[in-house]
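Observations on chain architecture
Spelled out from the first residue to the last, the chains are:
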Amino acid sequence: GNGPSGICLSYLLSGYTPYFKRHSLHPHPILQRKLEEAPEVSVLDQDLEYLSEGLEGRSHSPVALLFDTLQRPDTDFGGTAESVLTWWHEPDRAIPHLVLGRNPPGGAWHSIEGSMVTLSRGEWMGLPDLPFKEWLKQKRRGLRNNRATAEDIAQYYQHYVMKKGLQKNFRCGTVVTSVRKVSAESISNHTQEDLQEDSDSLWNSNEQSTEVFQVDGFFKTLEGDKEPFSIHAENVVLATGTYDNPTWLGVKGENLSYVHHQLSALEEAVKNNSVGIMSDPVLIVGAGLTAADAILCAHHCNIPVIHVFRRRVSDPGLIFNQLPKMMYPEYHKVHQMMKEQTAACAGPYESYISLPEHHVLSFGKDKKCILQDKNGCQKAYKISMALVLTGSNPNLSFLPNDGIDLAMDSDQPVNPKRNPIDVDPFTYECTQEKGLYALGPLAGDNFVRFVQGGALAVASSLLKKANKNPP
């Protein structure tokens, strides 16, 4: 994967090494004391468990909190203290690697509607040693409400790869179809081709490692052909995110052509005027931020909406109840509509009805949809289109058994929120498969801001394996 996790890891594996910046002061006194103990030793070579002990914040990963607080020391308190890290380029410590991805660098950020404003503050979307704000300034643009658009972010990630000279490690337009363990004896070095024109051999055939990973797939040429490749590596990092497979409700008629599982379907319909102010309502299912984005989009175009979700409006698990109003005025507005505009009492926005604690029973060929409330009462609604926006799951079909054996609960599919891949918190290596690592949403880190600590952990572990750590 070549999203933020993959890009950040490539930066760290290319010899870019973080050190504690002498004379800088971290607001966390205990961390400051630990950093002063060995300023000449890079953070990558220090004991990450020791450094991250006692840190608290908005992530469950100690290393994610550590790397975040080193780069943005007091950001959660609205502070703008500078990073306490300084970066040195030490090319002799680089580890040969390849980053494979379908899209240009930036991953799923290229698939999101460009004008969407991000949930996170702009500065939290940045990668090491190239602040996002500074990059935006060069584009002569300010941040709206401290937040950026998806298009800005996608461009920033591409710019980052060029600016840091990482492009030689990236192969875009690549689809991986299989990752499996094979015995090293069965491979001779001449299979190391295709993707290998200009990087060193990916694995050194050292005697003790009897098994390596074989990564098969194809890459799309400019002419649209698919060229197969097969490479071997001692270590493989899974950083494919979670944007691939939208969740289905599993109800009758969900495969009909007017039922969609991506926000882009609404944007398309608006563009070609197949829905508008006079059409039957659009049914939106779900109570997360993507559903809210769909409601805002419809509201903006005066398209009537019926909004169905299973939870109560006051449910503390609802994302809207966790967002500060000041920073997210538009999501706060959606939440207000959800509260005030229930079918029972029509509120001021006549083109929107909220149906909390309801679920879809079926979609009919005649575009009639049957909904049921918590008491079992059923009602039919005539709609123009349906958008089921209830989250998405990673696509790990390239792994044996879809990667289920790697998850915390190995009876259930991998899910970023409920059932991430089971990794060691200080190396991000899979507990079930040595040499295989997982980063980002697959390991339960769902914000760009917090995926970078995972990359630090993986890089630190790989440097130890390659003996590229100084004593």
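Rules and cut-offs
- Residues numbered from 1 in each chain as written.
- Predicted model: local features only at pLDDT ≥ 70, side-chain atom pairs only at ≥ 80, totals over all residues.
- Heavy atoms only, no water.
- Helix = DSSP H or I, 4+ residues; strand = E, 2+ residues; numbered from the N terminus.
- Buried < 20%, exposed > 50% of the residue type's maximum accessible area, 1.4 Å probe, protein only.
- Contact = heavy atoms within 4.5 Å.
- Areas by Shrake-Rupley, 256 points an atom, 1.4 Å probe, with all protein chains shown as cover.
- Core = buried A, V, L, I, M, F, W, Y, C linked by side-chain atoms within 4.5 Å.
- Pairing = 2+ DSSP bridges.
- Axes fitted to C-alpha atoms, helices over the stretch in contact; angles between N-to-C directions.
- Polar contact = N/O pair within 3.5 Å; in protein donor to acceptor, adjacent residues only side chain to side chain.
- pLDDT = per-residue confidence, 0-100.
- Parallel < 35°, antiparallel > 145°, perpendicular 65-115°, else oblique.
- Phe/Tyr/Trp six-rings, centres within 6.5 Å; stacked < 30°, edge-to-face > 60°.
- Lys NZ or Arg CZ within 6 Å of the ring centre and 35° of its normal.
- Left-handed = near helix turned anticlockwise from the far one by under 90°.
- Nonpolar A, V, L, I, M, F, W, Y, C, P; charged D, E, K, R; others polar.
- Salt bridge = Lys/Arg side-chain N within 4 Å of Asp/Glu carboxyl O.

1. Description of the overall build of the protein chain
- Scanning the protein chain from terminus to terminus reveals 10 helices and 21 strands.
- Counting all 471 residues of the protein chain, 52% fall into the buried class.
- Relative to all contacts within the protein chain whose residues are 6 or more apart in sequence, the contacts with residues 24 or more apart total 68%.
- When the accessible surface of the protein chain is totalled, it reaches about 22,700 Å², and 51% of it is carbon and sulfur.

2. Remarks on the nonpolar core
- Counting 76 residues, the largest nonpolar core has Leu238 and Ile421 as its most contacted members.
- Considering each element in turn, this core owes the most residues, 9 residues, to helix α10 (residues 448-465).
- Here Ile421 is in contact with Leu238, Leu396, Leu406, Ala407, Val414, Cys430, Ala438, Leu442 and Ala443, once residues within four sequence places are set aside.
- Listed in part, the 31 residues of the second largest apolar core include Leu263, Ile284, Ala287 and Ala294.

3. Describing the sheet that holds strand β8 (residues 211-220)
- Across the sheet, 3 strands lie side by side as β7-β8-β9; this open sheet has antiparallel pairing. The open sheet is flanked by β7 (174-183) and β9 (226-233), the only strands paired with a single partner. Between one strand and the next, the sheet's axes are offset by a mean angle of 20 degrees, whatever the strand orientation.
- Pairing analysis gives 8 bridges linking β8 to β9, with the strands arranged antiparallel. By the bridge assignment for β9, Phe219 is matched with Glu227.

4. A look at the side chain of His307
- Here His307 lies in strand β14 (residues 305-308).
- A distance of 2.7 Å separates a polar side-chain atom of His307 from the backbone oxygen of Gly286.
- When sequence neighbours within four positions are dropped, the list of residues in contact with His307 reads Ile284, Gly286, Ala287, Ile295, Met338, Tyr352, Ile353, Ser354 and Leu355.

5. Let's talk about the confidence of the model for the protein chain
- For the protein chain, per-residue confidence averages 85 on the pLDDT scale, and residues scoring 70 or more make up 86% of the total.
- Between residues 190-207, whose pLDDT stays under 50, and residues either more than four places distant or in other chains, the model counts 39 contacts.

6. Considering the sheet that holds strand β13 (residues 282-285)
- Strand order in the open sheet formed by 5 strands is β12-β19-β13-β14-β15, with parallel pairing between adjacent strands. The open sheet terminates on both sides in strands that have one partner only, identified here as β12 (259-260) and β15 (352-355).
- The pairing of β13 with β14 spans 4 bridges and is classified as parallel. Opposite Val282, over in β14, you have Val305 as the bridge partner.

7. Re the packing of helix α4 (residues 62-71) against α10
- Across the interface, α4 lies against α10 with an axial gap of 7 Å and an inter-helix angle of 110 degrees. By the angle between their axes, α4 is roughly perpendicular relative to α10. Along its contact with α4, which presents Val63, Ala64, Leu65, Phe67, Asp68 and Gln71, the element α10 presents Arg449, Phe450, Gln452, Gly453, Leu456 and Ala457.

8. Points about the packing of aromatic side chains
- Per the counting criterion, the structure on display carries 9 aromatic pairs.
- Ring geometry for Tyr11 against Tyr160: centres 5.7 Å apart, planes inclined by 65 degrees, an arrangement best described as edge-to-face. Pair noted here: Tyr11 is in helix α1 (residues 4-13) and Tyr160 is in helix α6 (residues 150-163), with a separation of 149 residues, a long-range link.
- Judged by centre distance (6.3 Å) and plane angle (65 degrees), the rings of Phe67 and Trp87 are edge-to-face. Of the two residues, Phe67 sits in helix α4 while Trp87 sits in strand β2 (residues 85-89), which places them 20 residues apart along the sequence. Like Phe67, the residue Trp87 is buried in the burial classification.
- The residue whose ring lies beneath Lys34 is Tyr50, and the NZ or CZ to ring-centre distance is 4.8 Å.

9. Considering the packing of α1 against α10
- Relative orientation of the contacting elements α1 and α10 amounts to 40 degrees, with a least axis distance of 8 Å. For the element pair α1 / α10, the angle class is oblique. In the packing of α1 onto α10, the handedness of the crossing is right-handed. Facing α1, whose interface residues are Pro4, Ser5, Cys8, Leu9, Leu12 and Leu13, α10 presents Val448, Val451, Gln452, Ala455, Leu456, Val458, Ala459 and Leu462.
- Residues of the contact of α1 with α10, tallied by class, amount to 12 nonpolar, 2 polar and no charged.

10. Looking at the pattern of salt bridges
- Applying the stated criterion to the full structure yields 12 salt bridges.
- With a shortest N-O distance of 3.4 Å, Asp129 and Lys164 are connected by a salt bridge. Here Asp129 is found in the loop between β4 (117-121) and α5 (132-138), whereas its partner Lys164 is found in the loop between α6 and β6 (170-172), with 35 residues between them in sequence.
- A residue is classified by how much of its surface remains accessible, and Lys164, at 11% relative accessible area, is buried.
- Between Lys374 and Glu357 there is a salt bridge, and its shortest N-O distance comes to 3.6 Å. Of the two residues, Lys374 is situated in the loop between β17 (368-373) and β18 (378-382) and Glu357 in the loop between β15 and β16 (358-363); the sequence distance between them amounts to 17 residues.
- A residue is classified by how much of its surface remains accessible, and Glu357, at 26% relative accessible area, is partly exposed.

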